[in-house]
Amino acid sequence: MINVLATEILKARRSRVPWITALAFTVAAAVGGLFMFILQDQDRARSLGLIGTKAALVGRDADWPTYLGFLAQTTAVGGMLVFGMVSVWLFGREFSQNTVKDLLALPSARTTIVLAKFVVAGAWCLALTVQLVVFGLVIGMVLGLPGWSADLVMSSVATIAVTAVMTVLLTTPVALASSAGRGYLPGVGVLMAAIFSAQVVAALGYGQYFPWSVPALFSGLAGPDAGSPGWLGVALVVLVGAAGVVATALWWRNADQDR
């Protein structure tokens, strides 16, 4: 397992993909900071050309609860896209770059290879989440946002962490699609379908029963009136994550690698 993990880490370290994903989360934190900067003084923002003269942003306050809530929502929606692409790359690249036979030539079980990929994916995505939180805290302090409290930060960070873990679990079917489809495109297709379906189902009011809608509901993206997904929603997310891992491992173990 250690050797396989080392191999996966080496491939990620030599790729530009980790830097691209890190840039995406850096931009996300910066965009949230920009919104807070605009909300602090809209007249100043207009004078700087950040918003049009007729623009009026209402219903939001430039404070820590709003900003930390934005980071949690970013983790749910943006995280599904970025985390999903991590799984697409880790699993689909072996087929798109014709390296799968070289990988299977290693003296390691196929299921061990799959588990190593999932471990790297999970660590990678959680590292991105830590980066988002750290950058967010720094940006909020630079802006001097009001409403800071240790309890607020701890609860918000916990919400972001749980949202990130659930989002990572929901990307395991993407790994299966990239493997069974032998490339990037099937995984990307399943990922886009999941994101689109999550928005539709949540809008219809059944998000708590659809796993891919649960992280957004948990993060508060649907607003305070939407309520929490509850234990049923969380259980469905865990079930999907576990099923994705098991199904991917079984496919790699039993599939004929004839290309």
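Read on for a plain summary of the structure.

Criteria and thresholds
- Residues numbered from 1 in each chain as written.
- Predicted model: local features only at pLDDT ≥ 70, side-chain atom pairs only at ≥ 80, totals over all residues.
- Heavy atoms only, no water.
- Core = buried A, V, L, I, M, F, W, Y, C linked by side-chain atoms within 4.5 Å.
- Buried < 20%, exposed > 50% of the residue type's maximum accessible area, 1.4 Å probe, protein only.
- Helix = DSSP H or I, 4+ residues; strand = E, 2+ residues; numbered from the N terminus.
- Patch = residues over 30% accessible without salt bridge, like charges linked within 9 Å, V, L, I, M, F, W, Y side chains within 5 Å.
- Areas by Shrake-Rupley, 256 points an atom, 1.4 Å probe, with all protein chains shown as cover.
- Salt bridge = Lys/Arg side-chain N within 4 Å of Asp/Glu carboxyl O.
- Axes fitted to C-alpha atoms, helices over the stretch in contact; angles between N-to-C directions.
- Parallel < 35°, antiparallel > 145°, perpendicular 65-115°, else oblique.
- Contact = heavy atoms within 4.5 Å.
- Nonpolar A, V, L, I, M, F, W, Y, C, P; charged D, E, K, R; others polar.
- Polar contact = N/O pair within 3.5 Å; in protein donor to acceptor, adjacent residues only side chain to side chain.
- Phe/Tyr/Trp six-rings, centres within 6.5 Å; stacked < 30°, edge-to-face > 60°.
- Lys NZ or Arg CZ within 6 Å of the ring centre and 35° of its normal.
- 1 Å grid on protein atoms, 1.4 Å probe; cavity = no way out; pocket = protein on both sides within 12 Å on 5 of 7 lines; lining within 4 Å.
- Points joined across faces, edges and corners; volume = space filled by probe spheres on them.

Phe 83, Leu 90, Trp 124 and Trp 252 are the most contacted members of the largest nonpolar core, which has 46 residues in total. Looking at this core, the elements that each hand over two or more residues are α1 (2-13), α2 (17-40), α4 (64-96), α6 (110-143), α7 (150-169) and α11 (230-254). Residues Val 88, Leu 191, Val 237 and Val 240 belong to the second largest nonpolar core, which totals ten residues.

Turning our eyes to something else, we now look at a nonpolar patch on the surface. A cluster of nonpolar side chains, namely Phe 196, Val 200, Leu 204, Tyr 206, Tyr 209 and Leu 232, defines an oily patch on the protein surface of about 680 Å² accessible area. Its location among the elements puts Leu 204 in the loop between α9 (184-203) and α10 (214-219).

Let us look at the pattern of salt bridges. Enumeration according to the criterion identifies five salt bridges in this entry. The closest approach of N and O atoms between Lys 11 and Glu 8, which form a salt bridge, is 3.0 Å. Taken as a pair, Lys 11 and Glu 8 lie in helix α1 at a separation of three residues, close to a single helical turn. Of the two residues examined, Lys 11 and Glu 8, each falls in the buried class. Linking Glu 94 and Arg 93 is a salt bridge whose minimum nitrogen-to-oxygen distance equals 3.7 Å.

At a minimum axis separation of 12 Å, α1 and α4 run at an interaxial angle of 95°. In terms of orientation, α1 lies roughly perpendicular with respect to α4. Residue-level inspection shows Glu 8, Lys 11 and Ala 12 of α1 in contact with α4, the latter providing Trp 89, Leu 90, Arg 93 and Glu 94. A per-class count over the contact of α1 with α4 returns three nonpolar, no polar and four charged.

With that settled, consider the packing of α4 against α7. Across the interface, α4 lies against α7 with an axial gap of 9 Å and an inter-helix angle of 10°. The angle between the axes of α4 and α7 places the two elements in the roughly parallel class. In contact with Trp 64, Pro 65, Leu 68, Leu 71, Ala 72, Thr 75, Ala 76, Gly 79, Met 80 and Phe 83 of α4, α7 contributes Leu 152, Val 153, Ser 156, Thr 159, Ile 160, Thr 163, Ala 164, Thr 167 and Val 168.

Glancing now at the side chain of Thr 75. Along the chain, Thr 75 falls in helix α4. Here Thr 75 falls in the buried class, since its relative accessible area comes to 0%. For Thr 75, the side chain forms a polar contact with the main-chain oxygen of Leu 71, separated by 2.9 Å. In contact with Thr 75, not counting residues within four places along its chain, are Met 80, Leu 132, Ile 160, Thr 163, Ala 164 and Thr 167.

The geometry of two aromatic rings is summed up by the distance between their centres and the angle between their planes. Scanning all chains against the criterion turns up eleven aromatic pairs. Between Trp 64 and Tyr 67, the aromatic rings sit 6.4 Å apart at their centres with planes inclined by 50°, giving tilted as the arrangement. Taken together, the residues span about one helical turn, with Trp 64 and Tyr 67 both in helix α4 at a distance of three residues. Comparing Trp 64 with Tyr 67, the two get one shared label, buried. Among the aromatic residues, those joined into a ring-pair cluster are Phe 91, Phe 95, Phe 118, Trp 251 and Trp 252. Looking at Lys 117, its charged tip hangs above the ring of Phe 91, at a distance of 5.7 Å from the centre.

As a rule of thumb, non-glycine residues mostly have phi less than zero, and peptide bonds are mostly trans rather than cis. Not every positive phi belongs to a glycine, and Arg 182 is a case in point at roughly 55°. Among the secondary structure elements, Arg 182 is positioned in the loop between α8 (172-180) and α9.

For the rest of this paragraph, the subject is the layout of surface pockets. Within this model, the largest pocket holds a volume of roughly 240 Å³. Ile 9, Ala 12, Arg 13, Pro 18, Trp 19, Ala 22, Val 120, Ala 123, Trp 124, Ala 127, Leu 128 and Gln 131 together form the lining of the largest pocket. When residues of the lining of the largest pocket are traced back to their parent elements, those giving at least two are α1, α2 and α6. The leading source of residues in the lining of the largest pocket is α6, at six residues. Its residues placed into classes, the lining of the largest pocket shows ten nonpolar, one polar and one charged. Here the second largest pocket defines a volume of roughly 200 Å³.

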